Every structure is written in structure tokens, then in C-alpha cells.
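Observations on the three-dimensional arrangement
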Amino acid sequence: MKIGIAADHGGFTLKQQLLHLLQAEGYHVTDFGAKTLDQEDDYPDYIAPLARAVSTGLIDRGIAVCGSGVGAAIVANKFKGVRAALITETYSAHQGVEHDELNLLCLGGRVIGPELAKEILFAFLHAHYSGETRHQRRLGKLEKIENDSFK
Ligand code: RB5
């Protein structure tokens with residue numbers, strides 16, 4: 001599984017913790033930045049390249065961290081085929097993948113602590129899309145909405 005991670009200054013510390021954890025667990029992770037802490041940086045500059053990589057299939061699952069996770073989710077969902085959500089607990093982290101084929105996890109670096117973030121991260125990464133008919137039907141409707149809105 002190809003994993004990508006990105007954060008602005010609000011998510012930088014948590015992003016570094018999660019990146020090191022994933023690497024220690026043997027995952028190959030592409031770091032889309034920020035590579036250094038810059039209090040003046042802007043989340044779209046890091047989250048958009050990650051979301052674009054998910055959209056084009058270069059990355060299978062993305063992790064985006066900003067201060068609240070809200071801006072990260074907003075920018076990530078601008079990209080076709082990206083299904084991003086701000087997640088704050090483990091149920092939604094796996095159910096979002098199983099039912100909605102969530103492919104970009106957004107976290108608030110100023111909101112949750114590192115231990116909960118780790119549990120959410122692994123719930124997201126270990127989950128698989130169920131492919132059940134009802135979920136396929138719903139994703140098909142989402143795809144149609146997306147295609148219509150880009151016309
Ligand atoms: C940065 O101060 C903060 O606004 C940003 O990280 C994020 O929380 C936006 O949603």
C-alpha cells in the first residue's frame with residue numbers, strides 16, 4: 001500500500017510522529033511536507049499535492065494533518081476521486097473505509113493527542129472497502145455528482 005502524508009504548521013508535530021511510527025512499522029510513506037516547521041505556511045500548499053497524488057493513483061491512502069483537520073478535508077475533497085474526512089474516533093476511521101471507501105484521513109493536530117491519532121491511523125490503514133452492493137450504489141451516485149459538477 002502506497003501511503004502519503006502531509007501537514008501544515010498546525011499539524012506538523014503530529015505528522016512527524018505518525019510518519020516516524022509508520023516508517024518504524026515498515027510502511028513506505030511519501031512525505032509531501034511540510035519538511036520543516038514554518039508558522040507562516042498554508043495548508044493548501046501541502047495537502048493539495050497529497051490529494052492530487054491520491055486522485056491520480058500515485059498514493060493509495062493519504063493522511064492530512066492541519067490544526068483542526070477542517071482545512072485539510074476541504075482542500076482534499078476538491079480533487080476528483082478523493083474521499084476525505086476529518087476523523088476523531090476509531091469507529092469512523094474503519095467504517096469510513098468499509099462503507100465509503102475513504103481514501104484520505106484528515107486529523108486535527110491541535111485537537112487529538114498522539115495515542116488516539118495512532119489508533120485512528122491504524123484503524124484506517126487496516127480497513128478494507130466491503131464492496132457491498134448498497135455501498136457501490138452510493139459511491140456510483142457520488143461519482144455521478146462529481147462528474148456532473150466538473151462539466
Ligand atoms: C493554521 O493556523 C490553521 O488554520 C490550519 O492548520 C487549519 O486548522 C485549518 O483548517
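So, a few notes on the structure that sits alongside this text. Within every chain, residues take consecutive numbers counted from 1 along the sequence as written. Two thresholds apply to this predicted model, a pLDDT of at least 70 for residue-level local features and 80 or more for giving and counting side-chain atom pairs, whereas whole-chain, interface and lining totals are computed over all residues. Remark: hydrogens and water are excluded; side-chain values derive from all non-hydrogen atoms of the structure.

**Section: the site of the ligand**
Note on definitions. A residue lies near a molecule or strand when any single heavy atom of the residue is within 4 Å of it. The full set of residues close to the ligand is Asp8, His9, Tyr43, Cys66, Gly67, Ser68, Val70, Gly71 and Arg110. Here a polar contact is taken to be a pair of N or O atoms separated by no more than 3.5 Å, where protein atoms must pair a possible hydrogen donor with a possible acceptor and residues adjacent in sequence count only if both atoms sit in side chains. In this structure, an oxygen atom belonging to the ligand sits 3.2 Å away from a side-chain N or O atom of His9. Using the Shrake-Rupley algorithm and a 1.4 Å probe, accessible areas are obtained, with residue cover drawn only from the displayed protein chains. Starting from 290 Å² of accessible surface for the ligand in isolation, the protein chains cover 71%.

**A few points about unusual backbone geometry**
In this model, Gly33 is joined to Ala34 through a cis peptide bond whose omega is 0°. Secondary-structure assignment places Ala34 in the loop between β2 (29-31) and α2 (44-56). Phi angles above zero are rare outside glycine, and Glu101 is one such case at about 50°. The helix count covers DSSP runs of H or I at least four residues long, the strand count covers runs of E at least two residues long, and both are numbered beginning at the N terminus. Inspection of the secondary structure assignment puts Glu101 in the loop between α4 (90-100) and β5 (104-108). Glu101 gets classed as partly exposed once you look at its relative accessible area, which sits at 30%. Relative accessibility decides the category of a residue: with a 1.4 Å probe and only protein chains considered, values under 20% of the type maximum give buried, values over 50% give exposed, and everything between is partly exposed.

**Looking at α2**
Because an α-helix packs 3.6 residues into every turn, residues spaced three or four apart end up facing the same way. An ideal rise of 1.5 Å per residue puts 18 Å on 13 residues; α2 measures up with 17 Å between its terminal C-alpha atoms. Within the sequence span of α2, burial applies to Ile47, Ala48, Leu50, Ala51, Ala53 and Val54. Buried residues along α2 sit against β1 (3-7), β3 (61-66), α3 (70-76) and β5. Once α2 finishes, Gly57 follows within two positions and takes phi at roughly 90°, a positive value. One fewer than the residue count of a helix, multiplied by 1.5 Å, yields its expected span. The contact definition used throughout considers only heavy atoms, calling two residues in contact when any of these lie within 4.5 Å.

**Overview of the packing of α4 against helix α5 (residues 114-126)**
It is at 8 Å that the axes of α4 and α5 come closest, and there the two elements cross at 20°. By the angle class used here, α4 and α5 are roughly parallel. For the crossing formed where α4 meets α5, the hand is right-handed. For the pair α4 and α5, the contacting residues are Thr90, Ala93, His94 and Val97 in the first and Glu119, Ile120, Ala123 and Phe124 in the second. Only Asp, Glu, Lys and Arg are considered charged in this grouping, and only Ala, Val, Leu, Ile, Met, Phe, Trp, Tyr, Cys and Pro are considered nonpolar; every other residue, Gly among them, is considered polar. Partitioned by chemical class, the residues of the contact of α4 with α5 number 5 nonpolar, 2 polar and 1 charged. Interaxial angle, 0 to 180 degrees, is taken between N-to-C directions of lines fitted to C-alpha atoms, where a helix line uses only the stretch in contact. Orientation is classified from the angle alone, with under 35 degrees giving roughly parallel, over 145 giving roughly antiparallel, 65 to 115 giving roughly perpendicular, and any other angle giving oblique. Whether a crossing is left-handed or right-handed is set by the direction in which the near helix is turned from the far one by less than a right angle, anticlockwise for left-handed and clockwise for right-handed.

**Some thoughts on the sheet that holds β1**
DSSP calls a pair of strands paired once it identifies at least 2 bridges connecting them. Taken in spatial order, the 5 strands of this open sheet run β2-β1-β3-β5-β4, and their pairing is parallel. One side of each edge strand has no neighbouring strand; the edge strands of this open sheet are β2 and β4 (84-86). On average, each strand axis in the sheet is tilted by 20° relative to the strand beside it, whichever way the strands run. Pairing of β1 with β2, which is carried by 3 bridges, proceeds in the parallel orientation. Paired with Ile5 across the two strands is Asp31, which belongs to β2.

**Description of the state of the cysteines**
Cysteine sulfur pairs qualify as disulfides if the two atoms are within 2.5 Å. Applying the stated criterion to the full structure yields 0 disulfides. Cys66 takes part in no disulfide bond, and the closest cysteine sulfur to it belongs to Cys106, at a distance of 7.4 Å.

**Side note on the side chain of Asp41**
Mapped onto the elements, Asp41 comes out in the loop between β2 and α2. In this charge count, Lys and Arg are treated as positive and Asp and Glu as negative; neither His nor the chain ends contribute. Here, a salt bridge means any Lys or Arg side-chain nitrogen found within 4 Å of an Asp or Glu carboxyl oxygen. The buried charged residue Asp41 lacks any salt bridge, with Arg110 as its nearest oppositely charged partner at 8.0 Å. For Asp41, the side chain forms a polar contact with the side chain of His9, separated by 2.6 Å. The residues touching Asp41, leaving out its near neighbours within four places in the chain, are Asp8, His9, Ala34 and Tyr46.

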